[in-house]
Amino acid sequence: MIIIGITGTLGAGKGTVVEYLLNTKGFKHYSARAFITEEISRCGLPVNRDSMVLVGNDLRVQHGPAYVIEELYKQALAAGGDAVIESLRTPGEVAAMRSKANFSLWAVNADIKTRYERVKTRATETDFISFDEFATQEEREMHSDDPNKQNLAECIKQADFVLTNNGSFDELYAQIGKILERI
C-alpha cells in the first residue's frame, strides 16, 4: 500500500494531481475537504472557505491536530490499495502520517495569479471571491503557531516532493511520473 499525502497552496492543482493518480494509477482518494464539508452540513453552516477553516480547526481542537487526516487514513486502511489523502494542512497531520509505512508527502504550488484564475474557473462553493480575498485567505492559512490551525508553509517545507504547476497538464503529469518512479 502506497500512501501519498497532498498539500499545497490554494488552487495550485492538488485536485488535478489526485485525478491523475485515480484515473491512471488506480489510487483511491480520501478528501479532507469532503470530510469537513460533511461536518459543516451537519452543523447547518454555509459551505464556504471560512466555514471550512472554522470547522476544520474546531475538529482539531476537539480531537487533536491530526484528527481529520487520521480518520481518512483509517478509511484508506480499511479499503486497502494505494491511497492519496488530500489535503494535509497542519504539521501535526504531516507528523502523524510520517509514522505510516510507505508514506510520501507531495506539495503542489503555482504562481498566485495563475492559481486565482484557476479558482475562478473551478467555481466551487468556496471559490466565489475577489483576488484580494483569495490572497487574504491564503495568508491566513500559510502560517500559524497553533497546532490546530493551518500552516501550509510548514507542510510544503516538509514535503518529500514539490510539484510546480505553472504550465500544461502534460508538464504536471511528467513531474508526477518522475516522482512515482522514485517511490
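Every chain begins its residue count from 1, and numbering advances along the sequence as written. With pLDDT at 70 or above as the cut-off, local features in this predicted model cover only qualifying residues; side-chain atom pairs require 80 or more to be listed or tallied, and sums for whole chains, interfaces and linings still use all residues. With hydrogens and water excluded, all non-hydrogen atoms of the structure serve as input to the side-chain values.

Draft legend 1. Inspection of the pattern of salt bridges at higher detail. Note on definitions: salt bridges are taken to be side-chain nitrogens of Lys or Arg within 4 Å of carboxyl oxygens of Asp or Glu. Overall, the coordinates contain twelve salt bridges when judged by the stated rule. Between Arg 42 and Glu 39 there is a salt bridge, and its shortest N-O distance comes to 2.9 Å. One end of the pair is Arg 42 and the other is Glu 39, both in helix H2 (residues 32-43) and three residues apart, which spans about a single turn. With a 1.4 Å probe rolled over the protein chains alone, any residue whose accessible area is under 20% of its type maximum counts as buried; one over 50% counts as exposed, and the rest are partly exposed. Residue Arg 42 is classed as exposed on the basis of its relative accessible area, which comes to 60%. Linked by salt bridges that have partners in common, Arg 49, Asp 50, Arg 89, Arg 140 and Glu 141 make up one network. Secondary structure elements are taken from DSSP: a helix is a run of H or I of four residues or more, a strand is a run of E of two residues or more, and numbering for both begins at the N terminus.

Draft legend 2. Representation of the sheet that holds strand S2 (residues 28-31) within the structure. Think of it this way: DSSP has to see at least two bridges between two strands before they count as a pair. The sheet built from five strands is open, its strands ordered S2-S3-S1-S4-S5 with parallel pairing. Every other strand in the sheet has two partners, leaving S2 and strand S5 (161-164) as the edge strands with one partner each. Pairs of neighbouring strands in the sheet enclose a mean axial angle of 25°, with direction left out of account. Pairing of strand S1 (residues 3-8) with strand S4 (residues 103-109), which is carried by six bridges, proceeds in the parallel orientation. An axis is simply a line fitted to the C-alpha atoms; with a helix, the fit covers only the stretch in contact. Between two such axes, the angle follows the N-to-C directions and lies from 0 to 180 degrees.

Draft legend 3. Quick peek at the side chain of Arg 115. Here Arg 115 shows up in helix H6 (residues 112-122). Throughout this description, a polar contact denotes any pair of N or O atoms lying within 3.5 Å of each other; where both atoms belong to protein, one of them has to be capable of donating a hydrogen while the other can accept it, and for residues adjacent in sequence the pair is counted only when both atoms sit in side chains. There is a polar contact of 2.3 Å between the side chain of Arg 115 and the side chain of Glu 138. Ignoring any residue separated from it by four or fewer positions in sequence, one finds Arg 115 in contact with Thr 9, Leu 10, Gly 11, Ala 12, Asn 109, Ala 110, Phe 134 and Glu 138. Contacts were defined at the residue level, with two residues in contact if any of their heavy atoms lie within 4.5 Å.

Draft legend 4. Structural context of unusual backbone geometry. The step from Glu 86 to Ser 87 runs through a cis peptide bond, and the omega angle for that step is 0°. Mapping Ser 87 onto the fold places it in the loop between strand S3 (83-86) and helix H5 (91-98). Phi angles above zero are rare outside glycine, and Asn 102 is one such case at about 60°.

Draft legend 5. Representation of the packing of aromatic side chains within the structure. Ring geometry is summarised as follows: Phe, Tyr and Trp rings, the Trp one being its six-membered ring, pair when their centres sit within 6.5 Å, and such pairs are stacked at plane angles under 30 degrees, edge-to-face over 60 and tilted between the two. Evaluated as defined, the whole model comprises six aromatic pairs. Aromatic pair Phe 35 and Tyr 67: ring centres 6.0 Å apart, planes at 65°, arrangement edge-to-face. In this pair, Phe 35 is assigned in helix H2 and Tyr 67 in helix H4 (residues 67-79), connecting sequence segments 32 residues apart. The pair Phe 35 / Tyr 67 is uniform in exposure class, with both members buried.

Draft legend 6. Region of interest: helix H7 (residues 131-142). Its twelve residues give H7 an end-to-end C-alpha distance of 16 Å, which sits within 8% of 16 Å, the value for a rise of 1.5 Å per residue. Regarding H7, the residues found buried are Phe 134, Gln 137, Glu 138, Glu 141 and Met 142. One face of H7 carries all of its buried residues, which in axial projection span an arc of 135°. Facing away from the buried side of H7 by more than 90 degrees, the exposed set consists of Asp 132 and Thr 136. Any helix carries an expected span of 1.5 Å times its number of residues minus one. By construction, the arc corresponds to the directions joining the helix axis to the C-beta atoms.

Draft legend 7. Region of the structure containing the pairing of S4. Of all the seven residues making up S4, six are buried; the element is thus mostly covered by neighbouring parts of the structure. Examined bridge by bridge, S4 and S5 share four bridges and lie parallel to one another. In the strand pairing of S5, Trp 106 is matched with Phe 161.

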